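# Chains, contacts and geometry: an overview
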Amino acid sequence: MIKVNGVTHADYDPAQKLSVWLREGLLLTGTKIGCAIGVCGSCTVLVDGVARRSCKVLLKDVEGADILTIEGLAQPDGTLHPIQQAFLDTGAIQCGFCTPGMVMSAYALLAKTPRPTRAEIRQALKGNLCRCTGYQQIVDAVLLAAERMRP
Ligand code: FES
Ligand code: FES
């Protein structure tokens, strides 16, 4: 059994890659597949709260795990998660291909580090490649989200 965004699934091929299963099995296409070899970070999801590259994970390795994908962040009424909203508000999205992976890595960071420095954000996102933004706005977005998420 694998839980994805709160829904438990039991019917899958344990030898399949998590990234492919999410997209083709569950039709959760927010998770992107760029390189498919663990380099670009576009396939990043949370596995039991830890950011993982889903193209490098087989389903048999996440038996019993709790997976969170980009589709699991927004509220049921469509209200975006503060990290998603901050990416929009700072212009941190251009083509958007890297964005789901960036947001999930940022989510993992902010869960542990609610007041990150710019250096800590860059460190947390260093495995997520972006061809468009130059990264500055992405760091701005994570700082803004951190500020908005603090009580
Ligand atoms: S698609 Fe998984 S790291 Fe690039
Ligand atoms: S916005 Fe295009 S790759 Fe990052």
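Quantities reported herein were computed from a predicted structural model and do not represent experimental measurements.

## Some points on the environment of Ile 2
Inspection of the secondary structure puts Ile 2 in strand β1 (residues 2–4). Using a relative accessible area of 0% as the deciding quantity, one classes Ile 2 as buried. Residues Ile 2 and Arg 52, 50 residues apart in the sequence, show an inter-C-alpha distance of 15 Å. If we ignore the near neighbours within four places in the chain, the residues touching Ile 2 are Val 7, Thr 8, His 9, Tyr 12, Trp 21, Leu 59, Val 62, Glu 63, Ala 65 and Ile 67.

## Some words on the pattern of salt bridges
For the structure on display, the rule yields 3 salt bridges. The salt bridge partner of Asp 61 is Lys 60, with a shortest N-O separation of 3.8 Å. In this structure, Arg 148 engages Asp 89 in a salt bridge whose closest nitrogen and oxygen atoms are separated by 2.8 Å. With a gap of 59 residues between them, Arg 148 in helix α5 (residues 136–149) and Asp 89 in helix α2 (residues 82–89) connect regions that are remote in the sequence.

## A look at a nonpolar patch on the surface
Side chains of Ile 37, Val 39 and Leu 129 sit close together on the surface and give an oily, nonpolar patch of about 280 Å² of accessible area. Along the polypeptide, Leu 129 turns up in the loop between α4 (118–124) and α5.

## Looking at the sheet that holds β1
Taken together, 5 strands build an open sheet; the order of strands is β2-β1-β5-β3-β4 and the sheet is mixed. Strands at the two margins of the open sheet, each flanked by one partner only, are β2 (7–9) and β4 (50–53). With direction set aside, neighbouring strand axes in the sheet form an average angle of 35 degrees. Sheet topology places β1 next to strand β5 (residues 66–68); 2 bridges connect them, and they run parallel. Residue pairing for β5: Val 4 is matched across the bridge by Ile 67. Helix-sheet contacts for helix α3 (residues 99–112) involve β3 (44–47), β4 and β5, and the interaxial angle to β3 is about 35 degrees.

## A few points about the packing of α3 against α5
Between two packed helices, the angle of one axis relative to the other and the distance separating the axes together describe the packing. Contact geometry of α3 with α5 gives a least axis separation of 11 Å together with a crossing angle of 45 degrees. Classed by the angle they form, the pair α3 and α5 counts as oblique. Crossing hand, α3 versus α5: right-handed. Across the interface between the two elements, Met 102, Ala 106, Leu 109 and Leu 110 from α3 touch Ile 138, Val 142, Ala 145, Ala 146 and Met 149 from α5. In the contact of α3 with α5, the residues fall into 9 nonpolar, no polar and no charged.

## Re the domain arrangement of the protein chain
One can read the domain layout of the protein chain as domain 1 (2–71) and domain 2 (82–149). For domain 1 and domain 2, the distance between their C-alpha centroids amounts to 20 Å. Residue-level contacts link 17 residues of domain 1 with 12 residues of domain 2. Where domain 1 abuts domain 2, roughly 1,200 Å² becomes buried across the two surfaces, and 69% of that area is made up of carbon and sulfur atoms. At the boundary of domain 1 and domain 2, one finds 0 salt bridges. Where domain 1 touches domain 2, the interface holds 3 residue pairs in polar contact (both at pLDDT 80 or more). Of all elements in the fold, only β3 and β4 reach the threshold of two or more residues within the side of domain 1 that touches domain 2. Top contributing element to the side of domain 1 that touches domain 2 by residue count: β3, with 3 residues. Here the side of domain 1 that touches domain 2 is composed, by residue class, of 8 nonpolar, 7 polar and 2 charged.

Cut-offs and rules
Residues numbered from 1 in each chain as written. Chains lettered and ligands numbered in written order. Predicted model: local features only at pLDDT ≥ 70, side-chain atom pairs only at ≥ 80, totals over all residues. Heavy atoms only, no water. Helix = DSSP H or I, 4+ residues; strand = E, 2+ residues; numbered from the N terminus. Buried < 20%, exposed > 50% of the residue type's maximum accessible area, 1.4 Å probe, protein only. Contact = heavy atoms within 4.5 Å. Salt bridge = Lys/Arg side-chain N within 4 Å of Asp/Glu carboxyl O. Patch = residues over 30% accessible without salt bridge, like charges linked within 9 Å, V, L, I, M, F, W, Y side chains within 5 Å. Areas by Shrake-Rupley, 256 points an atom, 1.4 Å probe, with all protein chains shown as cover. Pairing = 2+ DSSP bridges. Axes fitted to C-alpha atoms, helices over the stretch in contact; angles between N-to-C directions. Parallel < 35°, antiparallel > 145°, perpendicular 65-115°, else oblique. Left-handed = near helix turned anticlockwise from the far one by under 90°. Nonpolar A, V, L, I, M, F, W, Y, C, P; charged D, E, K, R; others polar. Domains from an automatic or database assignment. Buried area = accessible area lost by both parts, 1.4 Å probe. Polar contact = N/O pair within 3.5 Å; in protein donor to acceptor, adjacent residues only side chain to side chain.

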